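So the chains spell out like this:
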Amino acid sequence: MTRKKLRPIPTDFTRLFGCDYPIIAGPMFLVSNTHLVSAVSAAGGLGGTPSLNWRTTDDFRKAIREIKSRTDKPFAVNLIVNQANIRIKADLKVCVEERVPLVITSLGNPKTTIEKMHEVGCKVFCDVTTLNYAKKVEDMGADGVIAVSAGAGGHPGPISPLVLIPYLTRNLKIPVVAAGGIATGEQIAAALLLGASAVQIGTRFIACEEATVDQAYKDAILNSNPEDIVLTKKISGTPAAVINTPYIVKQGLELNPIESLLFKHPKTKKYMKMVRAYLGSKVLEKAVAGPTWKEVWSAGQGVGLIEDILPAAEIVHRLVKEYYESIEKLPGRAAPNSSDSDSAKDRNHNRSSHGDFSATGNGNYEAQVQL
């Protein structure tokens, strides 16, 4: 079936990477494979995957080359940059040598990653949950931040996206990507209105045809509600968002007293993170790959808005279609006259550069909605 090409959604993010739509398919452990990444990028978004989805660094390099063979569009790789990731140096070397267009860092100090990727002309965005950390990575030279807010899958932040996005855009000069509970085009429009230059969407892409996860996992995404998402420390020691299955209920959400003590002690914290991350990844791997009574399924609160399983490219297409339909419904949709347009520019003169998308050349409300 030939799909009608939709209009691009121009933002600083799309201009930075040369993609049509400000949509990142969030890097998801054990979910984001080469087919999913390349499908999203080829559809006009930007597909992402964690380097640790492959057992060895050599396998990771092969995966990067496979993505490149499937599409010439930009894509992203997530690197965990703390000391618990024993592969960080080797995987970063691959990202540098293969010139990965975008590296997304999480859980650690990204300084070395930023420096190395900039040497080869590539970009680095950093996961952040607070302004303090966001300003630190901006000072290090990060090209943008992923604002991980309440409602996100993986390791969500504590702040509502309604607050975190404008809070960051008012205080940073680099682009802000909204992440947390986003599964529809209406939410994309809302995020851009709040000042984001792009969105990162994870859970919606678990329910796609390219995701090679057990059908029970996909069914759980379709059948769960936001109230079913809970935070557990049992996977990595840090609160992680998962679907509240009977196994999760049985295990409980908190670390036992001894583990908690070891996590807090400076001399044992690093090793506890490594042990807990290893054990947690093994449980996740079994749950994702096939039937098991240990049902540990990572997901965000966006599950309540997901009702079907589609090809990844069709998801991107629907998101963009919903985006344009949603801004058509906004009050005052009629194109403003030139004086209105000038007033809008004046009102937003002091906004960060990544939030000013009014200069798209069409002068209509659609451009203003992206402010």
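See the structure shown above.
The residue numbering used here restarts from 1 in each chain and proceeds along that chain's sequence as written. The predicted origin of the model limits local features to residues at a pLDDT of at least 70 and limits the giving and counting of side-chain atom pairs to 80 or more, whereas totals for whole chains, interfaces and linings rest on all residues. Excluded from the side-chain calculations are hydrogens and water; all other atoms, namely the structure's heavy atoms, are used.

Thoughts on the sheet that holds strand β4 (residues 102-106)
We call two strands paired when DSSP finds no fewer than two bridges between them. Working definition: helices are DSSP H or I runs of at least four residues, strands are E runs of at least two. Numbering for both runs from the N terminus. Overall, parallel pairing links the eight strands, which are arranged β1-β2-β3-β4-β5-β6-β7-β8 in a closed barrel. Neighbour-to-neighbour, the strand axes of the sheet open up by a mean angle of 25°, direction not taken into account. Judged from the four bridges that link them, strand β6 (residues 144-148) and strand β7 (residues 176-179) form a sheet pairing that is parallel. If you follow Val148 over to β7, its bridge partner there is Ala179. Any pair of residues with heavy atoms lying within 4.5 Å of one another is described as a contacting pair. Note on geometry: axes are C-alpha line fits, over the in-contact stretch for helices, and angles between N-to-C directions span 0 to 180 degrees. Against the sheet, helix α2 (residues 34-42) makes contact with β1 (23-25), β2 (46-50) and β3 (75-80), and its axis sits at roughly 160° relative to β2, the strand it touches most. The sheet contacts of helix α7 (residues 161-171) involve β5 (123-128), β6 and β7, and relative to β6 the element is tilted by about 155°.

Description of the pattern of salt bridges
Basic side-chain nitrogens of Lys or Arg form a salt bridge, by our definition, when they fall within 4 Å of a carboxyl oxygen of Asp or Glu. If you walk through the whole model with that rule in mind, you get twelve salt bridges. A salt bridge links Lys68 to Glu98; its shortest N-O distance comes to 3.2 Å. Here Lys68 is found in helix α3 (residues 57-70), whereas its partner Glu98 is found in the loop between α4 (88-97) and β4, with 30 residues between them in sequence. Relative accessibility decides the category of a residue: with a 1.4 Å probe and only protein chains considered, values under 20% of the type maximum give buried, values over 50% give exposed, and everything between is partly exposed. According to the relative accessible area criterion, Lys68 is partly exposed, its value standing at 35%. Given a relative accessible area of 8%, Glu98 falls into the buried group. Lys321 is the partner of Glu325 in a salt bridge, and the nearest nitrogen-oxygen pair spans 2.7 Å. On the criterion of helical spacing, the pair formed by Glu325 and Lys321 is a turn pair, its members being four residues apart in helix α13 (residues 312-328). A cluster of three or more residues bridged by salt bridges with shared partners is formed by Arg61, Arg65, Lys68, Lys93, Glu97 and Glu98.

Some points on the pairing of β7
Going residue by residue along β7, you find Val176 and Ala178 tucked away on one face and Val177 and Ala179 tucked away on the opposite face as well. Consider the strands pointing away from the viewer: the crossover is right-handed when the path from the first strand over the helix to the second runs clockwise. Handedness of the crossover joining β6 and β7 through α7: right-handed. Pairing between β7 and strand β8 (residues 198-201): three bridges, direction parallel. Directly across from Ala178, in β8, lies its bridge partner Val199. Chirality of the crossover, the property in question, places the unit of β7, helix α8 (residues 185-193) and β8 among those that are right-handed.

Observations regarding α4
By the burial criterion, the buried members of α4 are Ile88, Asp91, Leu92, Val94, Cys95 and Val96. Tucked inside the fold, the buried residues of α4 contact α3, β3, β4 and α5 (111-119). One or two positions beyond α4, positive phi appears at Arg99, with a value near 50°.

Looking at the packing of aromatic side chains
Working definition: a ring pair exists when centres of Phe, Tyr or Trp rings (six-membered ring for Trp) sit within 6.5 Å. Plane angles under 30 degrees give stacked, over 60 give edge-to-face, the rest tilted. Per the stated rule, a full pass over the model turns up six aromatic pairs. With 5.0 Å between their ring centres and 80° between their planes, Tyr323 and Tyr324 make a pair best called edge-to-face. Judged by relative accessible area, Tyr323 falls into the buried class, the value being 0%. Residue classification places Tyr324 among the buried positions, given a relative accessible area of 7%.

Quick notes on unusual backbone geometry
A positive phi angle, close to 50°, is found at Arg99, a residue other than glycine. One can find Arg99 in the loop between α4 and β4. Even without being a glycine, Leu107 presents a positive backbone phi close to 55°. Secondary-structure assignment places Leu107 in the loop between β4 and α5.

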